[in-house]
Amino acid sequence: MEKNIHTFIGCDNDYDESKIVIFGAPFDSTTSYRPGTRFASSAMRNESFGIETYSPYQDKDLMDIKVFDGGDLELCFGSPESALKDIEEFSSEILKDHKLPVMIGGEHLVTLGAVRAAVKKHPDLCIIHFDAHADLRDDYLGQKLSHACVMRRCHELVGDGRIFQFGIRSGDREEFIWGKKHVSTNKFNFTGLEKIKDKIKNKPVYFTLDLDVLDPSCFPGTGTPEAGGVNFTELMLAIQFVSTLNVIGLDVNELSPALDQSGASTALACKLLREILLYFYKEN
Ligand code: MN
Ligand code: MN
């Protein structure tokens, strides 16, 4: 018999021998519309056993690579600052050990904790951001630590010209005006994605994926669905391109399983995470 352990499918390797570490950041206290993303990581672990470890897209298998699932962080729901501090510390530890942190949100604010850790180690960090929403508000109802402000807070850490957004189709006018001056906002889809390689070159990249960049027809299970999004295959190809860059950390966020009545959104997120792990796993 073997120990009864609860991991994402195929991710039950030892920490020391693993090159990728996944962990959950179950936090959704600042969600502006419909909460529930705190349950995403545990739902994904459960549902992951419904998918194969083998990827026909890449002819690779999760069983052939070493990924460690560190479980979920225990985060304080009432205090964004204390949750972010815990995420930062955990991410720092993984980075210090030269492994790739892959965080499962949670609402999008959790990205700030991981980016704080990443920028400490890599001051020349660039950020690639896929999302339906610009997330560039300076505050949301007076709150600076909100998922609607997460990229604005990240900009304070990395500065102008370092954030590359794609798929954006929602935000207030101010966000788009501000964005034009300080970040690269690419609306609606992934047009122009490959051109950013000339700008980023081999600089360290943090990749944050808000799953609501997908169209609600294939991904309804999210708190702030936004019509007019990309499809699964388009997202896969875009992620494949991002994996050719020097990515040092990433996250997948905003799945809200309770809003996913068919289960299709959680299944999609699991399949996407499998592909991400296989894309970003590097032998050396
Ligand atoms: Mn977002
Ligand atoms: Mn979003």
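See the structure printed just above.
Just so we're clear, the structure is a prediction, and the values are computed from it rather than from any experiment.

**Student:** Just checking my understanding: could you explain the coordination of the manganese ion (ligand 2) for this structure?
**Tutor:** Each donor-metal-donor angle in an ideal tetrahedron of four donors is 109.5 degrees, and each such angle in an ideal octahedron of six donors is either 90 or 180 degrees. Every protein donor of the manganese ion (ligand 2) is listed here as D131 (OD), H133 (ND1), D210 (OD), D212 (OD) and D212 (OD), and their distances to the metal cover 2.1 to 2.4 Å. Taken in chain order, the donor set of the manganese ion (ligand 2) reads D-x1-H-x76-D-x1-D. Between the manganese ion (ligand 2) and the manganese ion (ligand 1), the interatomic distance is 3.3 Å, and D131 donates to each metal, bridging them. One end of the pair, D131, is in the loop between β6 (126–130) and α4 (150–158); the other, D212, is in the loop between β9 (205–210) and α7 (232–242), and 81 residues separate them in sequence. Accessibility assignment for this pair places D131 and D212 in one class, buried.

**Student:** Got a minute to help me understand the nonpolar core in this structure?
**Tutor:** Nonpolar side chains in soluble globular proteins tend to end up buried together. By size, the foremost hydrophobic cluster in this structure holds 54 residues, and its most contacted members are F130, L209 and L277. In terms of residue count, the dominant contributor to this core is helix α8 (residues 264–280) (10 residues). Apart from the residues within four sequence positions on either side, F130 is in contact with F166, F190, L193, F207, T208, L209, D210, V213, L235, A238, I239 and V242.

**Student:** Just to check I follow, could you spell out the pairing of strand β8 (residues 184–187) for this structure?
**Tutor:** Side-chain direction in a regular strand flips from residue to residue, so the side chains alternate between the two faces of the sheet. In the sheet, strand β7 (residues 163–168) pairs with β8 via four bridges, with the strands oriented parallel. In the sheet register, I168 faces β8, and the bridge partner there is K187. For the segment spanning β7, helix α5 (residues 173–182) and β8, crossover handedness is right-handed.

Thresholds applied
- Residues numbered from 1 in each chain as written.
- Chains lettered and ligands numbered in written order.
- Predicted model: local features only at pLDDT ≥ 70, side-chain atom pairs only at ≥ 80, totals over all residues.
- Heavy atoms only, no water.
- Donors = N, O, S within 2.8 Å, 3.2 Å for Na, K, Ca; no water.
- Helix = DSSP H or I, 4+ residues; strand = E, 2+ residues; numbered from the N terminus.
- Buried < 20%, exposed > 50% of the residue type's maximum accessible area, 1.4 Å probe, protein only.
- Core = buried A, V, L, I, M, F, W, Y, C linked by side-chain atoms within 4.5 Å.
- Contact = heavy atoms within 4.5 Å.
- Pairing = 2+ DSSP bridges.
- Right-handed = clockwise from strand over helix to strand, strands pointing away.

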